[in-house]
Amino acid sequence: GLLEDWSDRTFETINDIAKQVGRANVLMVGFSPISESVLNVISNNSVINPLRNVKVTIIDKAASGKFDKYNDYKTMIDNVMDYELIDMDTNSRNLKNVVIERERVEPFSAVLFCEEEIYSNIVNIDRIKDIVENNPVAVYAKDSVSSESVLNSVKQTIKSMQIFGDPNNVLTKDIIIDESM
């Protein structure tokens, strides 16, 4: 468990803790309305280092403009998050090169595909799967039923991939009651 993993370590200063813990480094491909919710969760739950902010790299055709609008009402985000905004079409073949370059500087700890269109997410996963296959991966899919077979085949390559956003998968009262035990 966690205690066993950390029991042989000693921490004299806050710097020792920061050095051992590291920081979360999240790649977000696509910036849609769901991305704002994801950023809220990241800024509240992923700040684990006492000295270093969580890092988020956002790749989207209009990353800067979209993030500026988000930042208008999240004025304190700079206190907990370092971010890099890359204004690039996510459908670009250059996506892989950009991700490789960022991964070399600081490896990603999680990857999110947040395009509104599931097929764009699938294409982007395919482009960079060999770089991110060992990371936790989350894919936004409003309707995963329409692309279930493709998503299942991708899950064979990326074992830790989670699909989120389908209203049919939300734990409502009816779903919980109908769930077989």
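Residues numbered from 1 in each chain as written. Predicted model: local features only at pLDDT ≥ 70, side-chain atom pairs only at ≥ 80, totals over all residues. Heavy atoms only, no water.

Topic: the overall build of the chain
Part 1 of the argument: Looking only at helices and strands, one finds eight helices and six strands in the chain.
Part 2 of the argument: Looking at the chain as a whole, 38% of its 181 residues are labelled buried.
Part 3 of the argument: Pairs at least 24 apart in sequence give 73% of the contacts found in the chain among residues at least 6 apart.
Part 4 of the argument: With the model as given, the accessible surface of the chain reaches about 10,700 Å², and the carbon-plus-sulfur share is 51%. (Helix = DSSP H or I, 4+ residues; strand = E, 2+ residues; numbered from the N terminus. Buried < 20%, exposed > 50% of the residue type's maximum accessible area, 1.4 Å probe, protein only. Contact = heavy atoms within 4.5 Å. Areas by Shrake-Rupley, 256 points an atom, 1.4 Å probe, with all protein chains shown as cover.)

A few points about the side chain of K55
Part 1 of the argument: Residue position: K55 is located in strand β2 (residues 54-60).
Part 2 of the argument: Note on K55: relative accessible area 16%, which makes it buried.
Part 3 of the argument: Here K55 is in contact with R23, A24, N25, V26, D82, E84 and E106, once residues within four sequence places are set aside.

Some points on the nonpolar core
Part 1 of the argument: Of all hydrophobic cores here, the largest spans 24 residues; its most connected members are L27, I59, V99, F113, I128, V137 and M161.
Part 2 of the argument: Of all the secondary-structure elements, those providing two or more residues to this core are β1 (25-29), α5 (95-105), β4 (110-113), α6 (118-132), β5 (137-140) and α7 (148-157).
Part 3 of the argument: Per-element tally for this core: the top contributor is α6, with six residues.
Part 4 of the argument: Other than its neighbours up to four places away in sequence, I128 contacts L27, V29, L95, K96, V99 and F113.
Part 5 of the argument: Ranked by size, the runner-up nonpolar core spans 18 residues in total, among them V26, I42, V56 and M81. (Core = buried A, V, L, I, M, F, W, Y, C linked by side-chain atoms within 4.5 Å.)

Comments concerning the environment of M81
Part 1 of the argument: Considering the arrangement of structural elements, one finds M81 in strand β3 (residues 81-87).
Part 2 of the argument: For the pair M81 and N25, spaced 56 residues apart in sequence, the C-alpha separation works out to 9.9 Å.
Part 3 of the argument: Not counting residues up to four positions away in its chain, the partners in contact with M81 are L39, I42, S43, N53, V54 and V56.

Section: α5
One turn of the α-helix equals 3.6 residues, which is why residues spaced by three or four share an orientation.
Part 1 of the argument: The complete set of buried residues in α5 reads L95, V98, V99, R102 and E103. The arc that holds every buried residue of α5, seen down its axis, measures 130 degrees, which confines them to one face. α5 presents R104 and V105 as exposed residues on the side facing more than 90 degrees away from its buried surface.
Part 2 of the argument: Packed against the buried residues of α5 are β1, β2, β3 and α6. (Arc of directions from axis to C-beta.)

Considerations on the packing of α5 against α6
Part 1 of the argument: Contact pair α5 / α6: the axes reach a minimum separation of 9 Å and the direction vectors enclose 30 degrees. Judged by the sense of rotation from one axis to the other, the crossing of α5 with α6 is right-handed. Mapping the contact onto sequence places L95, K96, V99, I100 and E103 in α5 and N124, R127, I128, D130 and I131 in α6.
Part 2 of the argument: A breakdown of the residues in the contact of α5 with α6 according to their chemical character gives five nonpolar, one polar and four charged. (Axes fitted to C-alpha atoms, helices over the stretch in contact; angles between N-to-C directions. Left-handed = near helix turned anticlockwise from the far one by under 90°. Nonpolar A, V, L, I, M, F, W, Y, C, P; charged D, E, K, R; others polar.)

Describing the pattern of salt bridges
Part 1 of the argument: All told, the structure shown has eight salt bridges when counted by the stated rule.
Part 2 of the argument: Its salt-bridge partner being E101, residue R102 comes within 2.9 Å of it at the nearest N-O pair.
Part 3 of the argument: By relative accessible area, E101 is classed as partly exposed at 46%.
Part 4 of the argument: One connected set of salt bridges, linked through shared partners, spans K55, E84, E101 and R102. (Salt bridge = Lys/Arg side-chain N within 4 Å of Asp/Glu carboxyl O.)

Regarding helix α4 (residues 63-73)
Part 1 of the argument: For α4, the full list of buried residues reads A63, F67, Y70 and N71. The arc that holds every buried residue of α4, seen down its axis, measures 100 degrees, which confines them to one face. Of the exposed residues in α4, the ones pointing more than 90 degrees away from its buried face are K69 and D72.
Part 2 of the argument: Contacts from the buried residues of α4 go to α3 (33-45), β2 and β3.

Topic: the packing of aromatic side chains
Part 1 of the argument: Counted according to the given criterion, the structure contains four aromatic pairs.
Part 2 of the argument: Between Y140 and F164, the aromatic rings sit 5.7 Å apart at their centres with planes inclined by 50 degrees, giving tilted as the arrangement. Linking Y140 in strand β5 with F164 in strand β6 (residues 161-164), this pair joins segments that are 24 residues apart in sequence.
Part 3 of the argument: Classification of Y140 as buried rests on a relative accessible area of 8%.
Part 4 of the argument: You can call F164 partly exposed: its relative accessible area is 24%.
Part 5 of the argument: Three or more aromatic residues joined by ring pairs form one cluster here, namely F67, Y70, Y73 and Y83. (Phe/Tyr/Trp six-rings, centres within 6.5 Å; stacked < 30°, edge-to-face > 60°.)

Remember, this is a structural readout, not a statement about activity or role.
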